[in-house]
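Results of the structural survey
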Amino acid sequence: MKKSKSSRILIITFLILPILQLLVFSYIPILCNLYLSFTNYKGIGTPLFIGLENYKRLLTDTQYIKLFKNCLWYMLAAIPQLVFAFVLAVFVNGKFRGLSVVKSILIIPYLLNGVIVSTIFIIFFNNSGTLNAILDFIGLDSFKHQWLQDLKLVNPSIASISIWRYYGMNFIMFFGALQTIPSELFEAAAVDGCKKWQEILYISIPSIRNVLFINILLSVSGSIQVFEIPYIMLNGANGTVTPVIQIQQSAFAENRVGFAAALSILVFVIVLIAVGLQNVLSKKGDKQR
Amino acid sequence: MIQESKLYRILRYVFLLAACIFVIIPVVPVVYMAFKTGVEYSSTNVLTPPSNWLNFYNFAYAIRVGKLGRALMNTAVILGISLSLQILFTTMVSYVLHRFEFRGKKIVMTLFTLTMFIPVVTTQTVVFQIIYRMRLVNKMPSVIILYSGVGIVGIYIMFNLLASISKELDESALIDGASYFTIYRRIILPLLKPACTTLLILNGIGMYNDFFIPNLYLRKNVQTFTVALYQFFGSTATPFEIVSAAILLGIIPIGIVYLFLQKYIYYGLAGAVKS
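Nothing here was measured: the structure is a model prediction, and the numbers come from that model.

The subject of this paragraph is the overall build of chain A. In terms of helices and strands, chain A carries 14 helices and 0 strands. Taken from N to C terminus, the helices and strands of chain A fall in the order α-α-α-α-α-α-α-α-α-α-α-α-α-α. The C-alpha radius of gyration computed for chain A amounts to 24 Å, which surpasses the reference 19 Å derived for 289 residues by more than 25%, pointing to a less compact arrangement than a globule. Each principal axis of the C-alpha distribution contributes one length, and for chain A these read about 80 × 75 × 30 Å. Here chain A holds 289 residues, and 43% of them are scored as buried. The contacts of chain A with a sequence gap of at least 6 include a subset with a gap of at least 24, amounting to 69%.

For the rest of this paragraph, the subject is the overall build of chain B. Looking only at helices and strands, chain B features 15 helices and 0 strands. Its C-alpha radius of gyration of 24 Å places chain B more than 25% over the 19 Å reference for a compact globule of 275 residues. By its C-alpha atoms, chain B is 75 × 65 × 35 Å across when sized along the principal axes. When each of the 275 residues of chain B is scored for burial, the buried share is 39%. For chain B, the proportion of contacts with a sequence separation of at least 24, taken over those separated by at least 6, is 76%.

A few words now on the interface of chain B and chain A. Where interface size is given, it is often the accessible area lost as the parts come together that is meant. Counting residues at the interface gives 71 residues for chain B and 77 residues for chain A. Of all the elements, helix 15 (residues 240–274) of chain B adds the most residues to the side of chain B that touches chain A, at 13 residues.

Within the largest apolar cluster, 150 residues are counted, with the highest numbers of intra-cluster contacts made by A:A89, A:F171, A:F174 and B:A246. Ignoring any residue separated from it by four or fewer positions in sequence, one finds B:A246 in contact with B:A62, B:G66, B:L68, B:L229 and B:F232.

Let us look at the packing of helix 9 (residues 152–162) of chain B against helix 12 (residues 193–209) of chain B. Residue and element names in this part refer to chain B. Their axes nearest at 9 Å, the elements helix 9 and helix 12 cross at an angle of 155°. As judged from the angle between their axes, helix 9 and helix 12 are roughly antiparallel. Taken as a pair, helix 9 and helix 12 cross one another with a handedness that is right-handed. Across the interface between the two elements, G154, I157, M158 and L161 from helix 9 touch P194, A195, T198 and L199 from helix 12.

Right, let's get into helix 12 of chain B. Note that an α-helix has 3.6 residues per turn; residues three or four places apart therefore point the same way. The end-to-end C-alpha separation of helix 12 of chain B is 24 Å, in line with the 24 Å expected for 17 residues at 1.5 Å each. What helix 12 of chain B keeps buried is the set B:A195, B:T198, B:L199, B:L202, B:N203, B:I205, B:Y208 and B:N209.

All names here are of chain A. Secondary-structure assignment places K196 in helix 10 (residues 196–207). Assessed through the 18 C-beta atoms surrounding it within 10 Å, K196 is described here as partly exposed. Along the primary structure K196 and V271 are separated by 75 residues, whereas in three dimensions their C-alpha atoms are 38 Å apart.

Turning our attention to the environment of B:I187. All names here are of chain B. Mapped onto the elements, I187 comes out in helix 11 (residues 180–191). Take I187: there are 17 C-beta atoms within 10 Å of it, and that puts it in the partly exposed class. A C-alpha to C-alpha distance of 7.7 Å links I187 and D170, two positions 17 residues apart in sequence. Excluding its chain neighbours within four sequence positions, the residues that come into contact with I187 are L169, D170 and A173.

Our focus in this paragraph is helix 8 (residues 140–147) of chain B. Counting buried residues in helix 8 of chain B gives 6 out of 8 residues, a clear majority hidden from the surface. Where the residues of helix 8 of chain B are buried, they touch helix 1 (4–36) of chain A together with helix 5 (68–99), helix 7 (124–133), helix 12 and helix 13 (212–217) of chain B.

One can find A:S264 in helix 14 (residues 257–288). Along the primary structure A:S264 and A:N33 are separated by 231 residues, whereas in three dimensions their C-alpha atoms are 7.5 Å apart. Among all residues touching A:S264, those that are not within four sequence positions of it are A:N33, A:I247, B:T122 and B:T125.

Glancing now at the packing of helix 5 of chain B against helix 9 of chain B. Residue and element names in this part refer to chain B. Packing of helix 5 against helix 9 leaves a shortest axis separation of 9 Å and a crossing angle of 55°. The angle between the axes of helix 5 and helix 9 places the two elements in the oblique class. Crossing hand, helix 5 versus helix 9: right-handed. Contacts between helix 5 and helix 9 involve T90, T91, V93, S94, L97 and H98 from the former and G154, I155, M158, F159 and L162 from the latter.

Moving on, we come to the confidence of the model for chain B. All names here are of chain B. Of all residues in chain B, 94% attain a pLDDT of 70 or more, and the chain-wide mean is 87. Of all secondary-structure elements in chain B, the lowest mean pLDDT belongs to helix 15, at 76, while helix 8 reaches the highest, 96. Interface confidence in the predicted complex, given as ipTM, is 0.86; pTM for the same model is 0.87.

Rules used in this analysis
- Residues numbered from 1 in each chain as written.
- Chains lettered and ligands numbered in written order.
- Predicted model: local features only at pLDDT ≥ 70, side-chain atom pairs only at ≥ 80, totals over all residues.
- Helix = DSSP H or I, 4+ residues; strand = E, 2+ residues; numbered from the N terminus.
- Rg over C-alpha atoms; globule rule 2.2 N^0.38 Å.
- Buried ≥ 20, exposed ≤ 12 C-beta atoms within 10 Å, placed from the backbone.
- Contact = placed C-beta atoms within 7 Å.
- Core = buried A, V, L, I, M, F, W, Y, C linked by C-beta atoms within 7 Å.
- Axes fitted to C-alpha atoms, helices over the stretch in contact; angles between N-to-C directions.
- Parallel < 35°, antiparallel > 145°, perpendicular 65-115°, else oblique.
- Left-handed = near helix turned anticlockwise from the far one by under 90°.
- Expected span 1.5 Å × (residues − 1).
- pLDDT = per-residue confidence, 0-100.

As structure tokens, then:
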């Protein structure tokens, strides 16, 4: 008990800086944002209270509704992304020649930053770029398009990049989860004369159901926060503005801090729902196990 | 293990081959371009290999004009300091939260847990004002302060390991007259090394590749590699063959790290998911 005073000193000294960092750069800003979202704050001067005006504009003005519609493309792209990652994980989970080479290649996109990925895909989608050159090469000239200029195609085009960029993350998670399944399960199944596809359907998928859910919700919360690809590739031109690009423009270029705060809160709430669901689901899964 | 049928094995090879092509195809023209001359770039198809694989002009140009060497150094300094601070803080917080009972412990734990609900992109309108008032815009400490925050994933990775370190070890050291700090420094910290490696790699890749934060706070004076690369091809309309060379240069450091630490990346990420 003599030690209790020294333990208190240690607890305080070890916790003070990290907690301070947390409060100043996460909690206080989000609370300030909530307050500012009800004002017309311009970055200087006194914020004037305007009630729900900012939110009303966000939810009624078609220009701002479009921001969230753009996000839907990214959510849509998450479906092939997750399926692709899962099939890959199933195939890679085993022993075969060339395994390590395949793993090394598959992880490449995960290691590249947004600027590099964006540049690669500017070259890919350019009018005389990789995609059109390939279409030419295999005789599908009629499918050639101005992928980044055509207003109908630009959003699906750049949203599809996220398949290439992010599947690696899902793949690693699925792969890791598959490896934790006890091998006795597979051995028992083998004794019972189980086929490979049955093994996948009745053992692999149910065992990693949790990780599948987590990845789906990660994709949803990621889609709402899309920034780098449309910002770096097009600077939000051709109707590719996303909520986060709009937050930056409103807050730092147009000095509409109050409005940017309202949009931030809206994004925050959507992420909150997605991450909240993810937590509830993974807790439920733990109890079942 | 269930016998894999011949069909399954063929299916696997076909699918994996297709996947590898899918990954590599967009990158191939970039590699080609980096070795092409300006004239060659505009006169040949993107899928045509360069005529001279030893044409390093583009690389030299990118390094000289893009100031990419300097930017890489900046990134290295920021990463070095941020990662050291972050990992140190994470071990400290985890040690205290795992080994001590005290009033308000639940609140502290909740504070750290709930930060994962607050995406970075939704707080920067206000954080920028704070950093601005601290007079840190366009100075390295701005990004370092933001990067050194303790995340809940890190805490859980540490908890996993701390649970396997016997508390009796702590107690016997305490009886021998060691202070709590000595226990942390001499017993806990060395044993937490594997968890630190995992965190180092996970967050190191994240910070190296981050664009959002440095693009807000370090536009001038001390650009990180991502920001320098962005400005290099964004504002000055640099030719694609030069940009391609710059991209390859940017991949080299992470490629080297990857070659040496491949297995940690796989197991680190998988472990982070489990916890």
